[in-house]
Amino acid sequence: MSEKVGNGKGRPSVSVQEALDFHALGRPGKIEITATKPMATQRDLSLAYSPGVAEPVKAIAEDASRAFDYTARGNLVAVISNGTAILGLGNLGALASKPVMEGKAVLFKRFADVDSIDLEVDTEDADAFINCVKLLGPSFGGINLEDIKAPECFIIESRLRELMDIPVFHDDQHGTAIIALAGIINALDLTGRDMKTARLVCNGAGAAGIACIELAKAYGFSPENVILCDTKGVVYKGRTEGMNQWKSAHAVETECRTLADAMVDADVFFGVSAKGALTPEMVASMAPNPIIFAMANPDPEITPEEVATVRNDAIMATGRSDYPNQVNNVLGFPYIFRGALDVQATTINDAMKIAAAEALASLARQDVPDDVVAAYQGARPRYGREYIIPVPFDPRLISAVPVAVAKAAMDTGVARKPIVNFERYAQELSARRDPIAATFQRIYEKVRRSPKRVVFAEGEEEQVMRAAVSYANQELGTAILLGREEQIQETARNSGVDLNRPGIEIVNARTSRRTAVYADYLYERLQRKGYLFRDCQRMINNDRNHFAASMVALGDADAMVTGVTRNYSTALEDVTRVIDARPGHRVIGASIILARGKTVIVADTAVHDMPNSEQIADIAEEAAKFARRMGYEPRVAMLAYSSFGNPPGERSERVIEAVEILDKRRVDFEYDGEMAADIALNPKLMEQYPFCRLTGPANVLVMPAYHSASIATKMLQELGGATLIGPMLVGLNKPVQIVPMNAKDSDIVNMAAFAAYTAG
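Attention here is on the structure that accompanies the text. This structure is a prediction, so every number in the text was calculated from the model and none was measured.

What follows deals with the overall build of the protein chain. The secondary structure content of the protein chain amounts to 31 helices and 23 strands. Its C-alpha radius of gyration of 29 Å places the protein chain within 12% of the 27 Å reference for a compact globule of 760 residues. In the protein chain, buried positions account for 53% of the 760 residues. Intrachain contacts of the protein chain at a sequence separation of at least 6 include 70% that bridge at least 24 residues.

What follows is the structure, encoded as structure tokens:
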């Protein structure tokens, strides 16, 4: 058995090798730098470097603020650590912290479109660290300190805030504090408490604990009602053992000496300490409707199950994703920096932190959109005891938290670039969000609630095995590898893939008891199409696509994925011998393109070579349905080389006729054509045609032919740096997905998950 990493019920286990492979395969690490300007010609290079670069250099020398106009500084955050307190792993050094810091950079980009670079500073001397970061300051718009042990983290952050005119934010301190405060605001509301009289006990006097109680006091908790505890007990006035200036600032007059003493009649518990620190007996001694935030990771101070043995009136939050009310820092730091950067703030102050917490608390009280439902076991969460904190993939976070932070920065005078139109700013923020990742998160969550049996037709291929293992590890269901068991096991051994785990099955067509049933089924379908019974037997015995498709057709599997070893059209031909189109639907390929903040669905990218007008209309309808399934309200543009009759041509006439067909069908989505791609995607160009029916840039592009779709998407992918997902097969009566030849295991898993998602 391979060693596992990861904890907690409901959390997908990850093997050590899988984690190492994720970071090592392909381009090592998790980040890269890409150019935002064209670098295709000599003139481009002359503008980007010498001599053109001299002009912004001189402008910045005259006015330092112009760096935000002419460089990436205004959207660039440095994630900086010395590795003295890595993720609960302890002091492993600066270099060992690099994977974590790269991960933090990825989260900045993923959730808030903030560019980030990690810097690992190889010193434990606070003064040396401070000097290093201070001297690097002109490069960045903000500094995110990370994984630095206490008490040095307090000294470093405080000094850097004094020395630098950009935001300096130690997320290990303030991130937890901000998310916890958001939850506490709502928990107090639900239990009818006044924070001025509520008693709060915090166990853990490190960076996060100190920050939690400081922010709670800044928000309105009375200092005399807040008790801080550490491993020595209560931090009380007069205590000398294990004290420092940061603890002393929160010492109180009290007779309590132990955590158990402090917990008697306490209203709120903050835990940022260790597993088991809070006992059921302590919980039993708390006031009615206790609020318990057990935030130690990976194991909380006390579990909800343990609390339930002594109380049925508690509101609980943990740091775990497998319990309600997860206190997750990713709800905070990307969006806080987003708002701070957008107003060119000189710091992140308490008002901005509180604004972020209030925005999160407010968001949890609002009606939950469909995007979030998938995370809550199919039930629509409503504001209440088990929903006081939003979930990380709530798409509204990007437009809620940065707006609040930016307003607070302006109100407190630390914004150098005030925002004039907050409504437009919120819209711009929403456009920054990568909807593809959120969409796939919904897909994965839905499948986890109702796991599916997916057959991986090319089970002898290494990347297919890895995909199957990932599918099972992520608890999406059972992965069925189709192939010769001895060959699969040998390849797995040679590749270091562990198939001896729950959720993996191996099926051999030659030895399966269902082979004869599948042959009979296929013969019944093909006997009037020139096939003999022995032809069908041969296909079932020797061709894994026919066997896998029959498994799905007859209910022995819920879905199928193939395509790694043969081209798309061949795989599609195999599958459609076994599975028909859904009644009233047309089979098409739909691809998702993500490029420079725009998400566009392109169809047909797989099936129809040169569709006629009727087929183009069908493709438009099918693509619109696909768009809605993926969470978008479709605006469909039917493309051509001409735009609204200029220049005229035979091929454009088919598109014009398709529009007329849709008019007659009275479809319920926006559409128009014929139009060129630039007009469909560029609102300024679209304004030249005031009669155009689209209310905004198209998000669904219907191509006039398969070859144009294939050329356009692949050119975008290779030259434009676009991300291409698909084509996804749409319109079949049973869920089947065909991946591109030589697809990566991650691509195969995504397509398998989508196939399972469409299985209902």
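This next bit is on helix α6 (residues 126–136). For α6, the complete set of buried residues consists of Ala126, Phe129, Ile130 and Val133. All buried residues of α6 project into a common sector of 100 degrees when viewed along the axis, lining one side. Next to the buried residues of α6 lie β3 (76–81), β5 (142–145) and α7 (152–163). For α6, the N-terminal cap is Asp125; the gap from its side-chain oxygen to the backbone nitrogen of Asp127 is 3.2 Å.

Another point: a nonpolar patch on the surface. A cluster of nonpolar residues, Leu87, Leu89 and Leu92, forms a patch on the protein surface that exposes about 340 Å² of accessible area. Note that Leu87 resides in the loop between β3 and α5 (98–112). Assessed through its relative accessible area of 61%, Leu87 is described here as exposed.

Considering all chains together, one arrives at 43 salt bridges under this definition. Between Lys149 and Glu152 there is a salt bridge whose closest N-O contact spans 2.8 Å. The salt bridge partner of Arg525 is Asp580, with a shortest N-O separation of 2.8 Å. One end of the pair, Arg525, is in helix α22 (residues 515–526); the other, Asp580, is in the loop between α25 (568–576) and β17 (588–595), and 55 residues separate them in sequence. What you see here is one network of salt bridges that share partners, running through Asp543, Arg566, Glu573, Asp574 and Arg577.

What counts, and where the lines are drawn
Here the residue numbering is sequential within each chain, running from 1 through the sequence in written order. A pLDDT threshold of at least 70 governs which residues receive local features in this predicted model, and a stricter bar of 80 or more applies before side-chain atom pairs are shown or counted, although totals over entire chains, interfaces and linings include all residues. Note that the side-chain values use all heavy atoms of the structure and ignore hydrogens as well as water. Starting at the N terminus, helices and strands are each numbered in turn, a helix being any DSSP run of H or I of at least four residues and a strand any DSSP run of E of at least two. C-alpha atoms define the radius of gyration in this analysis, and the globule rule sets the expected value at 2.2 Å times the number of residues to the power 0.38. Only protein chains enter the area calculation, which uses a 1.4 Å probe; residues under 20% of their type maximum are buried, those over 50% are exposed, and those in between are partly exposed. Here, two residues are considered to be in contact whenever any of their heavy atoms come within 4.5 Å of each other. This arc corresponds to the set of directions leading from the helix axis out to the C-beta atoms. Side-chain atoms alone can form a polar contact between residues adjacent in sequence; in general such a contact is a pair of N or O atoms within 3.5 Å, and within protein one must be able to donate a hydrogen while the other accepts it. The residues that make up patches have over 30% relative accessible area and no salt bridge, and they are joined within 9 Å when like-charged or within 5 Å when they are Val, Leu, Ile, Met, Phe, Trp or Tyr. Here the Shrake-Rupley method, with its probe set to 1.4 Å, supplies the accessible areas, and only the displayed protein chains count as covering residues. Whenever a carboxyl oxygen of Asp or Glu lies within 4 Å of a side-chain nitrogen of Lys or Arg, that contact is scored as a salt bridge.

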